[in-house]
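Read off the chains here:
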Amino acid sequence: MRRSPVAFAALAASALWGCPLPQAVPAVGRNGQVLVPAPRIVYELLSPQSTVVDVAKTCPAAPQFTLSASVSDENTIEAVEARWFVDYDAMSASGIQAFSFPEPDPADPSNPRRAVDPFIFAPVDWEGPGYALHVVELVVSNGFRVLGEPGLKLPNRTPQDGYETQVFRWVFRYVDPPGGLCAFPLPP
């Protein structure tokens with residue numbers, strides 16, 4: 001008995017339909033090059049975890065917020081850099097505030113988690129009628145381009161070719177009483 005090619009194709013398709021094959025998904029960039037993934041910001045260890053932080057307009061002293069984070073990087077021997085930006089402006093490349101070079105845990109060098117140095121954000125416009133919105137960003141990579149390199153779309157935060165960045169943003173907005181915080185973490 002001879003089967004038609006159509007029947008054979010239908011039989012093959014039905015066999016594959018019920019048994020999907022796992023497909024490898026390579027991390028390939030726009031130019032066909034393999035990407036080196038950035039260290040991952042560990043959401044569970046962010047402080048504060050909220051992306052929007054309400055700041056009270058009635059703080060008796062300058063508000064102060066301590067932001068902290070950790071990254072996870074399976075390659076525990078590579079260098080990782082964290083850059084903190086406040087109100088980043090790509091046109092002027094302004095806003096970079098601090099650098100951190102998270103190191104592996106000396107007690108357990110195989111642990112992929114690394115603590116980022118905390119960043120203290122104190123809005124300068126806490127008094128006065130011009131309450132502004134502020135954005136603080138944590139950008140991490142294992143391969144940033146050189147600081148101040150000219151001609152980049154995002155100066156001081158662009159990765160080298162073949163590398164990636166990961167970003168977390170906190171938005172600080174002023175709110176009318178009775179809401180808002182004057183500090184984080186909250187005083188005891």
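Figured I'd write up the structure that's included with this text. If you're wondering where the values come from, they're calculated on a predicted model, not measured in any experiment.

Let us now look at the packing of aromatic side chains. All chains considered together, the criterion is met by 7 aromatic pairs. Between the aromatic rings of Phe 85 and Tyr 88, the centroid separation amounts to 5.2 Å while the plane-to-plane angle is 85 degrees, which identifies the pairing as edge-to-face. The exposure class of Phe 85 is buried, given its relative accessible area of 0%. Geometrically, the ring pair formed by Phe 168 and Trp 170 is edge-to-face, given 4.8 Å between the ring centres and 70 degrees between the ring planes.

This part takes up unusual backbone geometry. A cis amide bond, omega -5 degrees, links Ser 47 with the succeeding residue Pro 48. Mapping Pro 48 onto the fold places it in the loop between β1 (40-41) and β2 (52-56). The linkage connecting Phe 184 with the following residue, Pro 185, adopts the cis geometry, with an omega of -5 degrees. Relative to the elements of secondary structure, Pro 185 occurs in the segment after β9 (183-184).

Take the side chain of Ser 141 next. Checked against the element boundaries, Ser 141 lands in strand β7 (residues 134-141). On the basis of relative accessible area, Ser 141 is assigned to the buried category, the value being 1%. At a separation of 3.0 Å, a polar atom in the side chain of Ser 141 contacts the main-chain amide nitrogen of Gly 143. In terms of polar contacts, Ser 141 uses its side chain to reach the backbone carbonyl oxygen of Glu 164, at 2.8 Å. Not counting residues within four places of it along the chain, the set of residues in contact with Ser 141 comprises Pro 39, Ala 79, Val 80, Glu 81, Pro 159, Glu 164 and Thr 165.

Attention shifts here to the environment of Leu 46. Here Leu 46 is to be found in the loop between β1 and β2. Judged by its relative accessible area of 5%, Leu 46 falls in the buried class. Along the chain, Leu 46 and Leu 67 lie 21 residues apart, while their C-alpha atoms are 7.6 Å from each other. Excluding residues that lie within four positions of it along the chain, Leu 46 makes contacts with Ile 41, Ser 68, Ala 69, Phe 168 and Trp 170.

With 5 bridges joining them, strand β4 (residues 81-89) and strand β5 (residues 94-100) adopt antiparallel strand pairing. Across the sheet, Trp 84 pairs through a bridge with Ala 98, a residue of β5. Linking β4 back to β5 in an antiparallel pair, the connection comprises 4 residues, with Ala 93 at a positive phi of about 60 degrees.

So, on to the side chain of Asn 142. Within the secondary structure, Asn 142 sits in the loop between β7 and β8 (165-175). A polar side-chain atom of Asn 142 sits 3.1 Å from the main-chain carbonyl oxygen of Pro 37. Side chain to side chain, Asn 142 and Glu 78 meet in a polar contact 3.0 Å long.

What follows is about the sheet that holds β8. If you trace the 5 strands from one edge of the open sheet to the other, you get β2-β8-β7-β4-β5, paired in mixed fashion. Edge positions in the sheet fall to β2 and β5, since each of these pairs with one other strand and no more. Averaged over all pairs of adjacent strands, the angle between strand axes in this sheet comes to 20 degrees, irrespective of strand direction. Pairing analysis gives 8 bridges linking β7 to β8, with the strands arranged antiparallel. Within the sheet, the bridge partner assigned to Val 139 lies in β8 and is Val 167.

What counts, and where the lines are drawn
- Residues numbered from 1 in each chain as written.
- Predicted model: local features only at pLDDT ≥ 70, side-chain atom pairs only at ≥ 80, totals over all residues.
- Heavy atoms only, no water.
- Phe/Tyr/Trp six-rings, centres within 6.5 Å; stacked < 30°, edge-to-face > 60°.
- Buried < 20%, exposed > 50% of the residue type's maximum accessible area, 1.4 Å probe, protein only.
- Helix = DSSP H or I, 4+ residues; strand = E, 2+ residues; numbered from the N terminus.
- Polar contact = N/O pair within 3.5 Å; in protein donor to acceptor, adjacent residues only side chain to side chain.
- Contact = heavy atoms within 4.5 Å.
- Pairing = 2+ DSSP bridges.
- Axes fitted to C-alpha atoms, helices over the stretch in contact; angles between N-to-C directions.

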